[in-house]
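Spelled out, the chains give:
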Amino acid sequence: MADSVSLAEQASEAAGEANALAHSLDFLAQQLALHTQPVVAAGTPFVFELTIFALAVFVGYHVVWRVTPALHSPLMSVTNAISSVIIVGALIAAGRSA
């Protein structure tokens, strides 16, 4: 019983950290949008997209490695389910356009 309580507390802490990371990411995205508007207008979309990719890799790495081992399996099962739905939807959409 004590394990389920500590697991619930860990899940609550992880959810709080994820919420804080989401707010930080939102703030960073707003700042990036404000500072990159002149760059996009200058005609260098490759650099802009490369910057977005690099930031996504950095944030993704830190988010994944902050997940506790107890939450890893349930989160991965949900992620895999979402990915499979997206792939099936893409195959259906590709089949209709052909």
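Residues numbered from 1 in each chain as written. Predicted model: local features only at pLDDT ≥ 70, side-chain atom pairs only at ≥ 80, totals over all residues. Heavy atoms only, no water.

**So, the overall build of the protein chain**
Basically, it comes down to this: Runs of H or I in DSSP of at least four residues are treated as helices and runs of E of at least two as strands, each being numbered from the N terminus. Each residue's exposure class comes from its accessible area (1.4 Å probe, protein chains only) as a fraction of the maximum for that residue type: buried when under 20%, exposed when over 50%, partly exposed otherwise. Reported accessibility uses the Shrake-Rupley method at a 1.4 Å probe radius. Residues are deemed covered only where the shown protein chains occlude them.
Counting secondary structure elements, the protein chain contains three helices and zero strands. Listed by position from the N terminus, the elements making up the protein chain come as α-α-α. The buried share of the protein chain, taken over its 98 residues, is 3%. Of the roughly 7900 Å² of accessible surface on the protein chain, a fraction of 72% belongs to carbon and sulfur atoms.

**Structural notes on the confidence of the model for the protein chain**
We count it as follows: In predicted models, pLDDT denotes the confidence assigned by the predictor to each residue on a 0 to 100 scale.
On average, residues of the protein chain carry a pLDDT of 78, and 85% of them reach 70 or more. Confidence scores differ between elements of the protein chain, with helix H1 (residues 2–41) showing the lowest mean pLDDT of 76 and helix H2 (residues 45–65) the highest of 85.

**Concerning a nonpolar patch on the surface**
Here is the rule we go by: Put simply, a patch holds well-exposed residues, over 30% relative accessible area, that have no salt bridge, with like charges counted together within 9 Å and Val, Leu, Ile, Met, Phe, Trp or Tyr side chains within 5 Å. Salt bridges, as used here, are contacts in which a Lys or Arg side-chain nitrogen is within 4 Å of a carboxyl oxygen on Asp or Glu.
Together, Phe 46, Val 47, Leu 50, Phe 53 and Val 57 make up a nonpolar patch on the protein surface, roughly 530 Å² of accessible area in all. Tracing the backbone shows Phe 53 in helix H2.

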